[in-house]
Amino acid sequence: FSKIFQLTSERIKIPASIVTMSSAPIESLKDVLVGIDEYTISEKSEKKIRNGSELDENLTSQLNFIIKSKLWFGVKQISDCFDKMIVDNGIIWVKEIHANTTISSLPGNPVFYYWIAYFGDNPTGYLIS
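(A) Representation of the pairing of strand E4 (residues 122–128). Counted residue by residue, E4 has six buried out of seven residues, so it is predominantly covered. The pairing of strand E3 (residues 111–119) with E4 spans seven bridges and is classified as antiparallel. For Ala117, the partnering residue across the bridge sits in E4 and is Thr124. Between E3 and E4, which pair antiparallel and follow one another directly, the connecting turn spans two residues, one of which, Gly120, has a positive phi of 60 degrees.

(B) Just the confidence of the model for the protein chain, in detail. Chain-level pLDDT for the protein chain is 74 on average; 63% of the residues reach the 70-or-more range. The least confident element of the protein chain is helix H1 (residues 16–20), whose mean pLDDT is 40; the most confident is helix H2 (residues 57–68), at 90. Taken as a whole, residues 1–25 scores under 50 in pLDDT and shows 66 contacts with residues more than four places along the chain or in a different chain.

(C) Region of the structure containing H2. Here H2 contains 12 residues, and its C-alpha end-to-end distance of 16 Å stays within 8% of the 16 Å for a straight helix at 1.5 Å per residue. Among all positions in H2, only Leu59, Gln62, Leu63, Ile66 and Ile67 are buried. Along the axis of H2, the buried positions cluster into a sector of 140 degrees, meaning they face one direction only. Exposed and oriented more than 90 degrees from the buried face of H2 are Glu57 and Lys68. Looking one or two places after H2, you find Lys70, whose phi comes out positive at around 55 degrees.

(D) View of the nonpolar core. Counting residues in hydrophobic clusters, the biggest one holds 21 residues, and the most contacted among them are Leu55, Leu63, Trp72, Cys81, Ile92 and Trp115. Secondary-structure elements contributing two or more residues to this core are H2, strand E2 (92–100), E3 and E4. Sequence-distant contacts of Ile92, defined by excluding residues within four places in its chain, comprise Lys47, Lys48, Ile49, Leu63, Trp72, Cys81, Phe82, Val87, Trp115, Ile116 and Ala117.

(E) Quick peek at unusual backbone geometry. With phi around 55 degrees, Lys70 is a residue other than glycine that occupies positive phi space. Along the chain, Lys70 falls in the loop between H2 and E2. Since its relative accessible area comes to 74%, Lys70 is described here as exposed. For Asp121, which is not a glycine, the phi torsion comes out positive at approximately 70 degrees. Relative to the elements of secondary structure, Asp121 occurs in the loop between E3 and E4. Here Asp121 falls in the exposed class, since its relative accessible area comes to 66%.

(F) Broad picture of the packing of aromatic side chains. Taken as a whole and assessed by the stated rule, the structure comprises three aromatic pairs. On the numbers, 5.3 Å between centres and 80 degrees between planes, the contact of Phe73 with Phe119 is edge-to-face. One end of the pair, Phe73, is in the loop between H2 and E2; the other, Phe119, is in strand E3, and 46 residues separate them in sequence. Overall, Phe119 belongs to the buried group, its relative accessible area being 9%.

About the criteria used
- Residues numbered from 1 in each chain as written.
- Predicted model: local features only at pLDDT ≥ 70, side-chain atom pairs only at ≥ 80, totals over all residues.
- Heavy atoms only, no water.
- Buried < 20%, exposed > 50% of the residue type's maximum accessible area, 1.4 Å probe, protein only.
- Helix = DSSP H or I, 4+ residues; strand = E, 2+ residues; numbered from the N terminus.
- Pairing = 2+ DSSP bridges.
- pLDDT = per-residue confidence, 0-100.
- Contact = heavy atoms within 4.5 Å.
- Expected span 1.5 Å × (residues − 1).
- Arc of directions from axis to C-beta.
- Core = buried A, V, L, I, M, F, W, Y, C linked by side-chain atoms within 4.5 Å.
- Phe/Tyr/Trp six-rings, centres within 6.5 Å; stacked < 30°, edge-to-face > 60°.

Right under this line is the structure:
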């Protein structure tokens, strides 16, 4: 992963608040990202995470990136994500989304991760590539 799309507004077609505060998972990256129209979007997985032991090395690295970027309210370490006093119900979600193309002039087949957590019934999500 290299970007949090909330922070790269030049790639957002719609207001960033729709991307970062959406309570529903992103259904179509084509509605959100500039330059993604030539890709086929497919969802690989969606995971509800209730404790840190459910995270592999890649997801742990992404979650640490979100935490270090201070993007989730009051979350200072991974264990805070599972503290019901900080994150609603102590649960976070991540969805893996693939963008594939057969057009050789386009860059690779990016994989996106959409992370979401609730804080006082308010969803906060981030799209990472």
